[in-house]
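Listed below are the residues making up each chain.
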Amino acid sequence: MTALGLLLDASVVLLLVALATRLLLTRHLFEAIVLFVSYGLTLSLAWVRLGAPNIALAEAALGAGVTGALFLNTYQRLAERIGDGAKSPLLEDDGSQDPPSWFKGLLGGGVILLGLGAGWALIGAGRRPAFLPHEIAARLPETGVQNPVTGVLLNFRGYDTLLEIAVLVAAMAGVWSLDRGSRRFGRARGEPDEDPVLHALTRFAVPVTVVTAVYLTWVGSTEPGGAFQAGSLLAGAGVLLTVAGILPPPTAASRPVRAMVAGGMAGFVLAGIAVLPLTGQFLHYPEGWAYPMILGIEALLTVSIAVVLVELFVDVPAVPEPDPALESIDPSGDPLGRALRGGEDS
Amino acid sequence: MNPVDLYMLAGIAITLIALYAALTRAHLFWKVLAINLMGTGIFLILLAAPSRRTPEIADPLPQAMVLTGIVVAVAATALALGIALRVIARSDLPFLPDGDEDDPDSPGSTGEASR
Amino acid sequence: MPIELTVTLVMEVVSGLLIVAGCLFFLAGTVGLLRFPDLYCRLHALTKADTLGLGLIVAGLVIRNPAWPARVQLVLIWMLALSAAATVCHLLARSSLAAGIEPIREPGGASAGVTPAGEGR
């Protein structure tokens, strides 16, 4: 059994390194994207083998699924811009802009040295027993949940998770501010997709997905699951609804969308402040309240994460046609475009 | 050899290959891909290194950190792709413009001048 | 040998056989993906073989797993994968037909003719 396990580990590791090398060195963008998705799925196998099912779930949904969809979406935009069959440096990198080979050689040598050094340091780092996992296990009952990862995320290291959702909201604001004046993705813009098969799948899959997401949020306190996995599942349902043209894509201008994006962070901060008079510390839940508070925050986070992910997918800025499009953008409505054009308006 | 060591070595290899690619590929999309992969390599090291020390109990702290990292990586990748598309919309090329070149079509140079 | 032990043994063997058979179907589907000449043949190989392969593996795991909630979850996963694979296959085939990619009609015939873009719409 251990020999079989070692064989499996060795093949997963070899596959990972081979996929990463190939996708980073290939000259064809489409090939790189397909390999990237395969890499993400192989990596989630690696997380399972390393005993981290929480991460495996997130990796499959976010690392492979959402990120891969983002790249494919971008690819589609570029392919549309170029037109059928035409060759372009956008999709086929000929390497003409790459640095000279002496630089590559030098860097390659440096990277190999760095790798040897890091390998030697980490393998030789001894096996001094760690105390932290035992400490966490011993104090887990105080967190109000039984899943240690959730306990760390929402209780011991609540600050980290708060900052994480802040990063997500900031990225959302960044993408929104890039999107001025560009057209949006999705068939909902004009003709809804009348495909009956897609509609049937959507009708069947969306309710199942919503139920599963609620279950994952709830089960996260005891077993693998939680807001991030549930949020990415919900986002999948949202993308399906948008692509099938059943729901219009959410827009930055819509107040409910903004409220849902900000809701997770706002709820988290408010919960942190609300416990101040009781415990005297930000995000220090009073005794007996930890579980309901964590569940409430997780529910808000799930919705926020789902909406942000759908938005990020739908909202990849379109590539305007080179010159006429730039002219047609109203400078007053497009501060970034104005800055890029060197502030030619007065 | 311990299987966990295998994953840690793979993490080192992937991080460094991705570092090499991020610095030698001029194409912006490969830069974004490379930085994303660099993150995953770091995650592998982050998770594998502590579980060598306590194989009997899974350490939840690095797991929580990696989980956070995956979500942040998605958001950062989306933003980076958006910015890359903006560069393409401006110059029609997927490359960063040379900063010192005084080409009116080059976003970097004119942007610097106006600020 | 006590009857209980015999039943357990038979179930183990049956489940092992089902899982191995499922893996073989996956292998066949992958070979088809790599060897078949055009998109439509590849879709045919991939979706059919993989759906059946996944079904066999799920059946093997259902026999092996004594917990009922886990069994129901496994079957649900199979049904979701089934409908998703069928839909994705249909969408891929439809959009490539719409893009003017003609399927190969005779064995060993000319390679997939690509009509000029937009003609199929």
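Residues numbered from 1 in each chain as written. Chains lettered and ligands numbered in written order. Predicted model: local features only at pLDDT ≥ 70, side-chain atom pairs only at ≥ 80, totals over all residues. Heavy atoms only, no water.

Another aspect to go through is the interface of chain C and chain A. With nine residues of chain C at the contact, the number on the chain A side is nine residues. Where chain C abuts chain A, roughly 810 Å² becomes buried across the two surfaces, and 69% of that area is made up of carbon and sulfur atoms. Summed over the three residues of chain C that lose the most area to chain A, namely Leu80, Thr87 and Arg94 of chain C, the buried surface amounts to 44% of that side. At the surface where chain C touches chain A, the tally comes to zero salt bridges. Here the residues of the side of chain C that touches chain A sort into four nonpolar, four polar and one charged. (Contact = heavy atoms within 4.5 Å. Buried area = accessible area lost by both parts, 1.4 Å probe. Salt bridge = Lys/Arg side-chain N within 4 Å of Asp/Glu carboxyl O. Nonpolar A, V, L, I, M, F, W, Y, C, P; charged D, E, K, R; others polar.)

What follows deals with the environment of alanine 166 of chain A. Summarising the element assignment, alanine 166 of chain A is placed in helix α7 (residues 158–178). Separated by 141 residues in the primary sequence, alanine 166 of chain A and valine 307 of chain A place their C-alpha atoms 14 Å from one another. (Helix = DSSP H or I, 4+ residues; strand = E, 2+ residues; numbered from the N terminus.)

Quick look at the confidence of the model for chain C now. All names here are of chain C. For chain C, the average pLDDT comes to 82, and 86% of its residues sit at 70 or higher. Low confidence marks residues 111–121, where pLDDT is under 50. Its contacts with residues over four positions away, or in another chain, come to 13 contacts. Interface confidence for the predicted complex, expressed as ipTM, amounts to 0.84; the pTM equals 0.82. (pLDDT = per-residue confidence, 0-100.)

For the rest of this paragraph, the subject is the pattern of salt bridges. Residues and elements named next belong to chain A. All told, the structure shown has three salt bridges over all chains when counted by the stated rule. Across the salt bridge formed by glutamate 31 and arginine 22, the nearest N and O atoms sit 2.8 Å from each other. Exposure remark for glutamate 31: the relative accessible area of 24% places this residue in the partly exposed category. Exposure remark for arginine 22: the relative accessible area of 47% places this residue in the partly exposed category. (Buried < 20%, exposed > 50% of the residue type's maximum accessible area, 1.4 Å probe, protein only.)

Here we come to the state of the cysteines. Tallied over the full model, the rule gives zero disulfides over all chains. Summary of cysteine pairing: cysteine 41 of chain C is not part of a disulfide, and the nearest cysteine sulfur, belonging to cysteine 89 of chain C, is at 12 Å. (Disulfide = S-S within 2.5 Å.)

To continue, consider the packing of aromatic side chains. All names here are of chain A. This model, assessed by the stated rule, comprises five aromatic pairs over all chains. Geometrically, the ring pair formed by tyrosine 159 and phenylalanine 282 is tilted, given 5.8 Å between the ring centres and 45° between the ring planes. Here tyrosine 159, found in helix α7, pairs with phenylalanine 282, found in the loop between α11 (276–279) and α12 (290–314); they are 123 residues apart in sequence, far enough to count as distant. For tyrosine 159, a relative accessible area of 48% gives the class partly exposed. Taking the relative accessible area as the measure of exposure, phenylalanine 282 reaches 26% and is therefore partly exposed. (Phe/Tyr/Trp six-rings, centres within 6.5 Å; stacked < 30°, edge-to-face > 60°.)

Let us look at the packing of helix α3 (residues 53–82) of chain A against helix α3 (residues 60–91) of chain B. Running from amino to carboxyl end, α3 of chain A crosses α3 of chain B at an angle of 5°, the nearest separation of the two axes being 9 Å. When the interaxial angle is binned, α3 of chain A and α3 of chain B end up roughly parallel. When grouped by side-chain class, the residues that make up the contact of α3 of chain A with α3 of chain B number 17 nonpolar, six polar and two charged. (Axes fitted to C-alpha atoms, helices over the stretch in contact; angles between N-to-C directions. Parallel < 35°, antiparallel > 145°, perpendicular 65-115°, else oblique.)

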